Amino acid sequence: MGTASSLALQKTYQKILREKESALEAKYQAMERAATFEHDRDKVKRQFKIFRETKEKEIQDLLRAKRDLEAKLQQLQAQGIQVYDPNDSDSDDNQTTVTAAGTQCEYWTGGVLGSEPSMGSMMQLQQTFRGPEFAHSLIDVEGPFANVSRDDWDAAVASLLRVSPHVPQALWSNTVRCYLICTPDTKAELDIFIKKHSSVLRRMCEGLGHFYLNVCFPEENAASYAVERKQEIERSSVCVLLLKSTHLCSSLVEDCEEAFVKNPDGHPLVLYLRTEEGHNLTAPIRQLLERVNAADKAAKIKVVDHSGSAEEGANLIYAQLEKVIKQELLGLEGADVDSKDSGIEEGHEEDSGDVLWDLHDEQEQIESYQQACSSTTSQLGFQKYIDRLNDMIAAPPPTPPLLVSGGPGSGKSLLLSKWIELQQKQSPNTLFLYHFVGRPLSTSSEPVLIIKRLTVKLLQHFWSISGLSMEPSKILEEFPRWLERLSARHQGNIIIIIDSIDQIQQAERHMKWLIDPLPVNVRVVVSVNVETCPQAWRLWPTLHLDPLSPREVRSVVNAECQNVDFKLTKDQEKKLERHCRSASTCNALYVTLLARMITRLANCACGQTLEQCLHCQDTMSLYRLALKMTLNSLSTDRERHIMREILCLVCASHNGVSESEVLDLFPEVELPVQSSLLHHLNRLCIVTLRCGLIRFQHLQAWEAVRLEFLGGGSSSTTYREKLIHYFNQQLSQDRVTWRVADELPWLLQQQEDRTKLQLSLLNLFVSQNLYKRGHFSELLAYWQYVGKDKSSMANEYFDSLKRYEKSCESEDSMTKLANLYETLGRFLKDLGLPSQAVAPLQRSLEIRETALDPDHPSVARSLHQLAGVYVQWKKYGNAEQLYKQALEISENAYGAEHASVARELESLAMLYQKQNKYEQAEKLRKRSVKIRQKTARQKGHMYGFTLLRRRALQLEELTLGKDSADCAKTLNELGVLYYLQNNLDAAKVFLTRSLEMRQRVLGPDHPDCAQSLNNLAALHTERREYETAEDMYERALDIRKKALSPDHPSLAYTLKHLAMLYKRRGKLEKAVPLYELSLEIREKSFGPKHPSVATALVNLAVIYCQLKKHSDALPLYERALKVYEDSLGRSHPRVGETLKNLAVLSYEEGDFEKAAELYKRAMEIKEAEPSLVCGNAPSRHSSSGDTFSLRGPAPLPHAPR
């Protein structure tokens, strides 16, 4: 046994020995192979070095030959021989790609070194060299279309927009007001229309976020409402006249004169004429029709001639009105708006991407500003304050925010509005972002919404709405970073004005960014009530509004008296003057209110009124007296009751109540009574209409109503209950308008009814409405109040959706369901809950694929949102697949050049960028930018051709008069509008007419002639008619040099474009003095250390390089680099560009080592911040320097409903 085991052991030992020997053998062989490999590698390295050294000269010769060839081509072009270059762009002077707006979408596009080479081989640096690049700056691209100068762009578009969503111009305060004029024998048609059809029109308008109101004054009491009728006609969106062949009453004739004869172009007009066989028109009616016809020169009145029944007549009126409202008032161009999820909403979805904008917040701000500007009191000795504001704004940076302080009613809002208005005229290059804070707890005082609105407006001005975070805390945190980044790209100043900032909830905590140093070209002006100003802000430079002087008091009182044609006696004037001496009785609001009370009740005992007023020692007691006196002036108890109820409802509501809501709540109220009451309360500075809602004009008016009618607020509960009942009724009819979403949850929160609040939030359409309008923070605050965290809120929504799904059967309800699931998914994704966002987005995708079609465009939307979740998870492979699917569907559905295709391309580009696949990202981004440019041109950007066309038609009518400077200005504006519509032939006609008229009226050397020449030159450049363009630019430059100051922006503009043209035509020597002069102007305008001066330095250096004057170029590059580093920081993309240019210069000079070093640093900057939209460099101006990353760029927003 032992022998056997020892034999076995021996065998095993020998086997192990053999294995060890073979392993050693293999090791020696491997070492031998490694030595050979190393020898070969060294040999290859040596060969490569020899090859590189021998080839270097050849490569330089090739490059030289290439440059010579390019110079020859330029000479040929200069001689007028067209050489086709597919990449030739007229829009810029720096070979960068321009987005729809003309803003560079990527700092690195098509730069010096083409696609980004690695540092591994300097050969790539040589091979991809394409000549130095020009620095980009918003200065180099004027307005959204490259060749239109910024001034002209501003002038042409000022009447269309103020960098905001399309707010329908034809609506007065967001309300479709239909003014109806009828004779007794057409009352039948009117009654049928009001009972049967107007509710349909109202539902349509409310579904689109507007109010609808029928305005009609019955014949029997129309005479007693003359003032109100005139005012209502002025405000109306459309007027309808119903006539038959009988007599006319005087009020009807007056209304016709006002609406149809005096101002036929003021609004769309509809004339319904009921004729019967055997009945001829009476003489008065014939005469009236003749006058109407004579006034209607443009044949715009829609005539409905009808001889059938009253019911058919009402149907015809309805059909005509529906068409007018859709096409002319809301600019829907025949869109189908019946279904709640019609193409309109789809379109908004497509365009708004991930930025959720609230049209109503924006309209409220525009109206607050316009109302303050048009106030008669706004002339109040403000010049001294305006001068001081201008001085403070012009102070050298860094400048802390500027505080405008004063007591309540001292005229802070009026001053700021007037100042903005003047500044906008004087400084067209300054971007103004303003916000007027309303009363506490209203939407306009919600800090997150304010900052979100300002951020979106800022981004939108630069035409790059990038993935803006919707998380409330992030919105506040990221604003200073956006401000810093975008201010570096803006030529002029950016001025942010926040009025009544101390009314913002927890202002100090939420407005922390004010304490940080502001970027050099940003100024902030805030107004505060002197008593409630936070302590930390009192150290800022302050402009305090003094009480009115006796002379100013007199001028306010006199202005009010003149308005109503009333005169005070000498004795009364003295009493007033003596009374308005204390601080509380000589502020602007007190004096205005006092003057209006005296003149308003002038027909009664004026002396008595005055005595009562003089007992009031402050604005609050005067307001309370105004309320009592207005009540006493009403003729019936019913009217007094109505006034009280309306004011109490406005007081108890979140944002006010609309006129149509008041009429719903009080069916016994007739419109004339309501109209008259609101007119009187508006005159007494108590209420106003903003965005279609009755609101208080001043905080003190609200306070006075609370004290006078609500027992200091103790009876608010009753009125809140009334409103809750009203909005709940709308909810039960499955009508969720923006009003229900704005008011109901807020009212329930005020009533501390958590159960009902949760129920209202679980009505998915309420939450969807709030989310889609960007009222994110509100929605979260409600859930917090109910006691739910984000996660349990997500579960509640998901369960609620599953329950709702059981009731969905029709295709329409399934579409709505898919939209709800998508909204929930987006909401949760934005809240940083990707794991919970996947299920609803997945369900939305399933429903759309089955209910609609796997290739339906909305399926692409679901895929896009799902991909976004995978990006958050860093699962880039899955995201790429989904984006590619979405891209394919969009291309098949819309064609290769649609905005939604651009959106998918951008998302894919961002994805590749995150994975450092820069070349792939660049390719997609370039393609997306081309689409954006094209669609922007086709659409006249997001405001729609409807608006451009309507404005162009209005202007054409104005130009039919005699030759005048104004008429020539209008012709110029028309030319620019047609240019924006890409109708170059029409643009040329109008611009030429403008030039000829200006030469006749003003003389050939007037600066206005230079403007026309400049625009015509731009148009010829667009058509590549360079010789004509050059001649016109040269003529414009001559005029501007003689007529304007050497540092005038218009002169700089012409200089720059002529220089670009010279460069394009190879006339580099002629371009040099222009670039030098341009640099000089910028140095004078901005000082030597401003980024735009660095831009001019780079542009001049580039020209020197092209002329081979390297020694002249080097100090300019070095100076530009220092300015950029000092003003924008060492890691800013522009620093990177300048380093790349310096690398090329060093290379040309033969200093390859320095070139490599500079290029390496440029690449480090590029990798640290690949583009504006996904930058993660900490802000130098924010209090927390932590890094952040934002989602990819989304399309420009249409305002969601």
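Residues numbered from 1 in each chain as written. Predicted model: local features only at pLDDT ≥ 70, side-chain atom pairs only at ≥ 80, totals over all residues. Heavy atoms only, no water.

1. A few points about the overall build of the protein
At step 1: In terms of regular secondary structure, the protein is built from 48 helices and 15 strands.
At step 2: Within the span of the protein, comprising 1201 residues, buried residues form 58% of the whole.
At step 3: For the protein, contacts bridging at least 24 residues in sequence account for 74% of all contacts bridging at least 6. (Helix = DSSP H or I, 4+ residues; strand = E, 2+ residues; numbered from the N terminus. Buried < 20%, exposed > 50% of the residue type's maximum accessible area, 1.4 Å probe, protein only. Contact = heavy atoms within 4.5 Å.)

2. Considerations on the confidence of the model for the protein
At step 1: Chain-level pLDDT for the protein is 78 on average; 79% of the residues reach the 70-or-more range.
At step 2: When the criterion is pLDDT under 50, residues 153–168 qualifies, and its contacts beyond four places in sequence or with other chains add up to 48 contacts.
At step 3: Across residues 939–947, where pLDDT falls below 50, the model places 32 contacts with residues more than four positions away in sequence or in other chains. (pLDDT = per-residue confidence, 0-100.)

3. As for the sheet that holds strand E7 (residues 431–436)
Within a sheet, each strand pairs with its neighbour through backbone hydrogen bonds, oriented either parallel or antiparallel.
At step 1: Taken together, five strands build an open sheet; the order of strands is E7-E9-E10-E6-E11 and the sheet is parallel. Among the strands making up the open sheet, the edge pair consists of E7 and strand E11 (542–544). On average, adjacent strands in this sheet sit at an angle of 15° to one another, irrespective of strand direction. (Pairing = 2+ DSSP bridges. Axes fitted to C-alpha atoms, helices over the stretch in contact; angles between N-to-C directions.)

4. What to know about the nonpolar core
At step 1: Judged by nonpolar contacts, the single largest core of 132 residues is most densely connected at Leu 647, Phe 696 and Tyr 797.
At step 2: Leave out the neighbours within four places in its chain, and Phe 696 touches Leu 647, Val 650, Cys 651, Ile 686, Val 687, Thr 688, Ala 701, Trp 702 and Val 705. (Core = buried A, V, L, I, M, F, W, Y, C linked by side-chain atoms within 4.5 Å.)

5. Description of the side chain of Arg 720
At step 1: Looking at the element boundaries, Arg 720 is found in helix H26 (residues 716–732).
At step 2: No salt bridge is formed by the buried Arg 720. Its closest oppositely charged neighbour is Glu 721, at 8.0 Å.
At step 3: With residues near it in sequence (within four places) discarded, Arg 720 still touches Ala 652, Leu 747, Gln 750 and Gln 751. (Lys, Arg positive; Asp, Glu negative; His and termini not counted. Salt bridge = Lys/Arg side-chain N within 4 Å of Asp/Glu carboxyl O.)

6. Focus on the pattern of salt bridges
At step 1: Scanning all chains against the criterion turns up 49 salt bridges.
At step 2: A salt bridge links Arg 861 to Glu 822, with the shortest nitrogen-to-oxygen separation between them at 3.2 Å. Here Arg 861 is found in helix H34 (residues 857–872), whereas its partner Glu 822 is found in helix H32 (residues 811–830), with 39 residues between them in sequence. As far as the burial class goes, Arg 861 and Glu 822 line up, both buried.
At step 3: Residue Arg 1130 is joined to Glu 1125 by a salt bridge in which the shortest nitrogen-to-oxygen separation is 3.5 Å.
At step 4: Given the relative accessible area of 53%, Arg 1130 is considered exposed.
At step 5: Each of Glu 822, Arg 826, Arg 848 and Arg 861 takes part in one network of salt bridges that share partners.

7. Observations regarding the packing of helix H27 (residues 738–750) against helix H28 (residues 754–761)
At step 1: Closest axis-to-axis distance for the H27/H28 pair is 8 Å, and the angle between their directions is 165°. By the angle between their directions, the pair H27 and H28 is classed as roughly antiparallel. As for how H27 packs across H28, the hand of that crossing is left-handed. Residues Leu 744, Pro 745, Leu 748 and Gln 749 of H27 form the contact with H28, whose own contacting residues are Lys 756, Leu 757, Ser 760 and Leu 761. (Parallel < 35°, antiparallel > 145°, perpendicular 65-115°, else oblique. Left-handed = near helix turned anticlockwise from the far one by under 90°.)

8. Observations concerning the pairing of strand E13 (residues 687–690)
A regular strand carries its side chains on alternate faces of the sheet.
At step 1: Alternating residues of E13 divide into Val 687 and Leu 689 and Thr 688 and Arg 690, and every residue in both groups is buried.
At step 2: Of the pairings in the sheet, the one linking E13 to strand E14 (residues 693–696) comprises four bridges and is antiparallel in character. Among the inter-strand pairings, Leu 689 is bridged to a residue of E14, identified as Ile 694.
At step 3: Connecting E13 to the antiparallel partner E14 that follows it, the hairpin turn spans two residues, and Cys 691 within it adopts a positive phi of roughly 55°.

9. As for H32
Residue pairs three or four apart in sequence face the same way in an α-helix, which turns once every 3.6 residues.
At step 1: Under the 1.5 Å per step criterion, the end-to-end length of H32 is 29 Å for 20 residues, consistent within 8% with the ideal 28 Å.
At step 2: Most of H32 is tucked away: 18 of the 20 residues are buried.
At step 3: Positioned one or two residues after H32, Gly 832 has a phi angle of 80°, which is positive. (Expected span 1.5 Å × (residues − 1).)

10. What to know about the UniProt feature "repeat: TPR" (unreviewed entry) in the protein
At step 1: Those residues carrying the UniProt feature "repeat: TPR" (unreviewed entry) are residues 860–893, 1010–1043, 1052–1085, 1094–1127 and 1136–1169 in this numbering.
At step 2: This span, residues 1094–1127, is 91% helix and 0% strand, and a straight line between its end C-alpha atoms measures 10 Å. (UniProt positions renumbered as here; feature names shortened; annotations may be inferred.)

11. Re the sheet that holds strand E4 (residues 269–274)
At step 1: Here we have five strands laid out as an open sheet, ordered E2-E1-E3-E4-E5, and parallel in their pairing. Of all strands in the sheet, those bounded by a partner on one side alone are strand E2 (211–215) and strand E5 (302–306). With direction set aside, neighbouring strand axes in the sheet form an average angle of 15°.
At step 2: Pairing of strand E3 (residues 238–243) with E4, which is carried by five bridges, proceeds in the parallel orientation.

12. A few points about the environment of Ala 701
At step 1: Considering the arrangement of structural elements, one finds Ala 701 in helix H25 (residues 699–709).
At step 2: When its relative accessible area of 1% is taken as the criterion, Ala 701 is described as buried.
At step 3: Along the sequence, Ala 701 and Arg 624 sit 77 residues apart, while their C-alpha atoms lie 8.3 Å from each other.
At step 4: Beyond its immediate chain neighbours, meaning those up to four positions away, Ala 701 contacts Tyr 623, Cys 685, Ile 686 and Phe 696.

13. Considering the packing of aromatic side chains
At step 1: This model, assessed by the stated rule, comprises 19 aromatic pairs.
At step 2: Centre to centre, the rings of Phe 211 and Trp 738 are 5.6 Å apart; their planes meet at 50°, and the pair counts as tilted. Here the residue Phe 211 occupies a position in strand E2, and Trp 738 occupies one in helix H27, the gap between them amounting to 527 residues. Like Phe 211, the residue Trp 738 is buried in the burial classification.
At step 3: Ring centres 6.4 Å apart and planes at 75° place the aromatic pair Tyr 797 and Phe 827 in the edge-to-face group. Taken together, the residues span a long stretch of sequence, with Tyr 797 in helix H31 (residues 790–806) and Phe 827 in helix H32 at a distance of 30 residues. Taken as a pair, Tyr 797 and Phe 827 share a single burial class, namely buried.
At step 4: Through successive ring pairs, a cluster of aromatic residues spans Tyr 771, Phe 776, Trp 783, Tyr 797 and Phe 827.
At step 5: Across from the ring centre of Trp 702, 5.4 Å away, lies the NZ or CZ of Arg 706, which sits over that ring. (Phe/Tyr/Trp six-rings, centres within 6.5 Å; stacked < 30°, edge-to-face > 60°. Lys NZ or Arg CZ within 6 Å of the ring centre and 35° of its normal.)

14. Quick notes on a nonpolar patch on the surface
At step 1: Nonpolar side chains collect at one region of the surface, where Leu 24, Tyr 28 and Met 31 lie side by side and expose about 320 Å² of accessible area between them.
At step 2: Among the structural elements, Tyr 28 can be located in helix H1 (residues 2–78).
At step 3: We classify Tyr 28 as exposed; its relative accessible area is 53%. (Patch = residues over 30% accessible without salt bridge, like charges linked within 9 Å, V, L, I, M, F, W, Y side chains within 5 Å. Areas by Shrake-Rupley, 256 points an atom, 1.4 Å probe, with all protein chains shown as cover.)

15. Thoughts on unusual backbone geometry
At step 1: Despite not being glycine, Arg 1024 shows a phi value in the positive range, around 65°.
At step 2: In this structure, Arg 1024 sits in the loop between helix H41 (1007–1022) and helix H42 (1026–1043).
At step 3: Phi at Lys 1108 takes a positive value of approximately 65°, unusual for a residue other than glycine.
At step 4: Here Lys 1108 is to be found in the loop between helix H45 (1091–1106) and helix H46 (1110–1128).

16. Some points on a positive patch on the surface
At step 1: Together, Lys 567, Lys 570, Lys 574, Arg 578 and Arg 581 make up a positively charged patch on the protein surface.
At step 2: Along the chain, Arg 581 falls in the loop between helix H18 (570–579) and helix H19 (588–600). (Charge placed at Lys NZ, Arg CZ, Asp CG, Glu CD.)

17. Some details on H46
At step 1: With 19 residues, H46 extends 26 Å between its outermost C-alpha atoms, agreeing within 8% with the 27 Å of an ideal straight helix rising 1.5 Å per residue.
At step 2: When we look at burial in H46, the residues that qualify are His 1110, Ala 1113, Leu 1116, Tyr 1117, Ala 1120, Leu 1121, Val 1123, Tyr 1124, Glu 1125, Ser 1127 and Leu 1128.
At step 3: Positive phi appears at Gly 1129, one or two residues downstream of H46, with a value of about 100°.

18. Regarding the environment of Ala 851
At step 1: Mapped onto the fold, Ala 851 is located in helix H33 (residues 834–852).
At step 2: C-alpha of Ala 851 to C-alpha of Glu 811: the two residues are 40 residues apart in sequence and 6.3 Å apart in space.
At step 3: Aside from chain neighbours lying at most four places away, what touches Ala 851 is Glu 811 and Met 814.

19. So, a negative patch on the surface
At step 1: Taken together, the side chains of Glu 1149, Asp 1151, Glu 1153 and Glu 1157 present a region of like negative charge at the surface.
At step 2: Counting through the fold element by element, Asp 1151 comes out in the loop between helix H47 (1133–1148) and helix H48 (1152–1168).

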